[in-house]
Amino acid sequence: MNYQEEKKYIGHKDQLMRVKKIKMQDGKAKDVELLDVQNRSGMHFDVNISRGMDIPYVDFCGENIGFISPCGVVAPEYFDDKGLGFLKSFTAGFMTTCGLKLAGAPCEYEGQSYGLHGNISHTPAEDVSYSIVEDGETPYVDIKGRVRDAIIFGEKLTLDREIKCYYKERKFTVSDKVTNEGYKKVRHMILYHCNIGYPILTPDSEVYIPALETKPRTAHSQEGMDCWMKTQEADPDYEEMCYYHTLKPYADNHSVVAIFNPNLDLGIAIDVDLSTLDHFVQWKMMGAGDYVMGLEPGNVTIDGIADAIENGSMKYLDAGESVEYHLTFQIIKGREELEAIKNR
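Residues numbered from 1 in each chain as written. Predicted model: local features only at pLDDT ≥ 70, side-chain atom pairs only at ≥ 80, totals over all residues. Heavy atoms only, no water.

### Looking at the sheet that holds strand S3 (residues 43-48)
The condition is simple: When DSSP finds at least two bridges between two strands, those strands are taken to pair. Each helix is a run of H or I in the DSSP string that is no shorter than four residues. Each strand is a run of E no shorter than two, and both are numbered from the N terminus.
Pairing is antiparallel in the open sheet, where five strands are placed in the order S1-S2-S3-S4-S5. Of all strands in the sheet, those with a lone pairing partner are strand S1 (18-23) and strand S5 (63-64), marking the two edges. Direction of pairing for strand S2 (residues 33-38) relative to S3: antiparallel, over a ladder of five bridges. Each bridged residue has a counterpart across the sheet, and for Leu34 the counterpart in S3 is Asn48.

See the structure below:
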């Protein structure tokens, strides 16, 4: 039956698809507001409107997809924007947005200090709206909101985000528009820190990153070049490794990366629009208690402002100019779907 036919058998549309605003009550998460979404496919996720409209939780039929850091969800008032202070409230979660003025390592530039990964993920959203749009046989959850990364005498950037999730589809989309609301040309960096965790990520999991070129970010990462695509047992002494990948584009200038657990016959794929997200970072952390792999599309390298300017990856927005970013996240159910992605 289609949606309109199924409606004859229900009392409220919540039986088929729902989006609800909830508020966390305990510890450092107290008063954090989330939009809790569930559709008919068995997919469930949350949007943190208190923290940049990021996505802390994703699960499918009860199986967790992302990585939740030891600090869990933390309210924005605990944010420490100095140096590596970001890590004290870094939920990680399924997706953390980094930017909009810095994405990556903390640095100093032109006499100003910038903390790890910028401020946007710790900024509450405004003008938030959410609804179920009953569009014929294919209704969808539609979530919109705006996040500001602006300062007097400095950069004035806004992020307008729209998240859509259709009725029976095992996927959702994130569409962002970043706009320079100021009157001067500004630098702009963004990174989508997508973090895959247990049980999708295990020593048996398969990593699919169609790379035309792979470069280690550090000398330590160089030591693991022959196994960047492999997962290992959780190791309490493991030191993180990061790699820059140049993704192979399909005909539409998109690319897809994925992680698949053959034992669960389940995985996650990320479709990336390479026209604006022209860089990709893999964060490999096989630590005991910190077992995660980051699949991170971005528009720039992540070793500081000066480095990005020097290597030519830095992006700029003129006064009033906007740029759009598009990502699709899809639950992979079965080996055939993974192979279809590889053979796309």
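Having put the structure on the table, let's press on.
### Notes on a nonpolar patch on the surface
In plain terms, the rule: Nonpolar side chains (Val, Leu, Ile, Met, Phe, Trp, Tyr) are joined into patches within 5 Å and like charges within 9 Å, using only residues with over 30% relative accessible area and no salt bridge. All accessible areas in this document rest on Shrake-Rupley with a 1.4 Å probe, and a residue is counted as covered only by the protein chains that are shown. Think of a salt bridge as a Lys or Arg side-chain nitrogen and an Asp or Glu carboxyl oxygen that are within 4 Å of each other.
Taken together, the side chains of Ile151, Ile152 and Phe153 make up a nonpolar region of the molecular surface, amounting to roughly 400 Å² of accessible area. Within the secondary structure, Ile152 sits in the loop between strand S12 (140-150) and strand S13 (156-166).

### Observations regarding the environment of Trp228
Counted only if it meets this: When accessible area is computed with a 1.4 Å probe and restricted to protein chains, residues below 20% of their type maximum are described as buried, those above 50% as exposed, and intermediate ones as partly exposed. In this description, contact between two residues means that some pair of their heavy atoms is separated by no more than 4.5 Å.
Note that Trp228 resides in the loop between helix H2 (219-223) and strand S18 (241-247). Residue Trp228 is classed as buried on the basis of its relative accessible area, which comes to 12%. Not counting residues up to four positions away in its chain, the partners in contact with Trp228 are Ile209, Thr214, Tyr243, His245, Gln282 and Lys284.

### Comments concerning the pairing of strand S8 (residues 95-100)
Within a regular strand, the side chains alternate between the two sheet faces. In terms of residue burial, S8 counts as a mostly covered element, since six of its six residues are buried. In this sheet, strand S15 (residues 186-196) lies alongside S8 in antiparallel orientation, the contact comprising six bridges. Opposite Thr96, over in S15, you have His193 as the bridge partner.

### What to know about the packing of aromatic side chains
For clarity, the cut-off: The pairing test for Phe, Tyr and Trp rings, Trp by its six-membered ring, is centres within 6.5 Å, and the orientation test on the planes gives stacked under 30 degrees, edge-to-face over 60, and tilted for anything in between. Here, a charge over a ring is recorded when the distance from Lys NZ or Arg CZ to the ring centre is within 6 Å and its angle to the ring normal is within 35 degrees.
Tallying each qualifying case throughout the model produces nine aromatic pairs. Ring-pair connections join several aromatic residues into one group, and the members of that group are Phe45, Phe94, Phe172 and Phe329. A cation over an aromatic ring shows up here: Lys185 above the ring of Tyr316, its NZ or CZ 5.0 Å from the ring centre.

### Thoughts on the environment of Val300
The topology assignment puts Val300 in the loop between strand S22 (290-298) and helix H3 (305-311). Residue class for Val300 comes out buried when judged on its relative accessible area of 1%. For the pair formed by Val300 and Asn311, sequence separation is 11 residues and the distance between their alpha carbons is 9.5 Å. Dropping the residues within four chain positions of it, Val300 is found in contact with Met189, Ile190, Asp278, His279, Ala308, Ser313 and Met314.

### Remarks on the nonpolar core
As a reminder of what qualifies: Residue types Ala, Val, Leu, Ile, Met, Phe, Trp, Tyr and Cys, when buried and joined through side-chain atoms within 4.5 Å, form a set referred to as a nonpolar core.
One finds Phe45, Phe94 and Phe172 to be the most contacted residues of the largest nonpolar core, which totals 75 residues. Each residue touching Phe172, except ones within four places of it in the same chain, is listed here: Met43, Phe45, Ile55, Val58, Phe94, Ile163, Lys164, Cys165, Leu327, Thr328 and Phe329.

### Re the sheet that holds S12
Our working definition: In this analysis an axis means a line fitted to C-alpha atoms, helices contributing only their contacting stretch, and an angle means the value between N-to-C directions, from 0 to 180 degrees.
Pairing is antiparallel in the open sheet, where eight strands are placed in the order S11-S12-S13-S14-S24-S20-S19-S16. Both edges of this open sheet fall to strand S11 (126-133) and strand S16 (206-208), since each of them pairs with a single strand only. Taking the axes of each pair of neighbouring strands and ignoring which way they run, one obtains an average angle of 15° across the sheet. Bridge analysis of S12 against S13 gives 11 bridges, and the strand direction is antiparallel.

### Quick notes on the side chain of Arg51
Note the threshold: The convention is simple: Lys and Arg are positive, Asp and Glu are negative, and His and the chain ends are not counted.
In this structure, Arg51 sits in the loop between S3 and strand S4 (58-60). Buried charge Arg51 goes without a salt bridge, the closest partner of opposite sign being Asp54 at 5.8 Å.

### Brief notes about the side chain of Arg187
As a reminder, the rule being used: Definition of a polar contact: a pair of N or O atoms within 3.5 Å, with one able to donate and the other able to accept a hydrogen when the atoms are protein atoms, and with sequence-neighbouring residues admitted only if both atoms are side-chain atoms.
With respect to the helices, strands and loops of the structure, Arg187 is situated in strand S15. Reaching out from Arg187, the side chain makes a polar contact with the side chain of Tyr114 at a distance of 3.1 Å. Once you skip the residues sitting within four places of it in the chain, Arg187 turns out to touch Leu100, Tyr109, Glu110, Tyr114, Glu155, Leu157, Ile305, Ile309, Met314, Lys315 and Tyr316.

### With respect to the pattern of salt bridges
According to the stated counting rule, one finds 23 salt bridges in the structure shown. Asp176 is the partner of Arg161 in a salt bridge, and the nearest nitrogen-oxygen pair spans 2.7 Å. Here Asp176 lies in strand S14 (residues 171-180) and Arg161 lies in strand S13, a separation of 15 residues in the sequence. You can call Arg161 buried: its relative accessible area is 2%. Connected via shared salt-bridge partners are Glu206, Arg335, Glu339 and Lys342.

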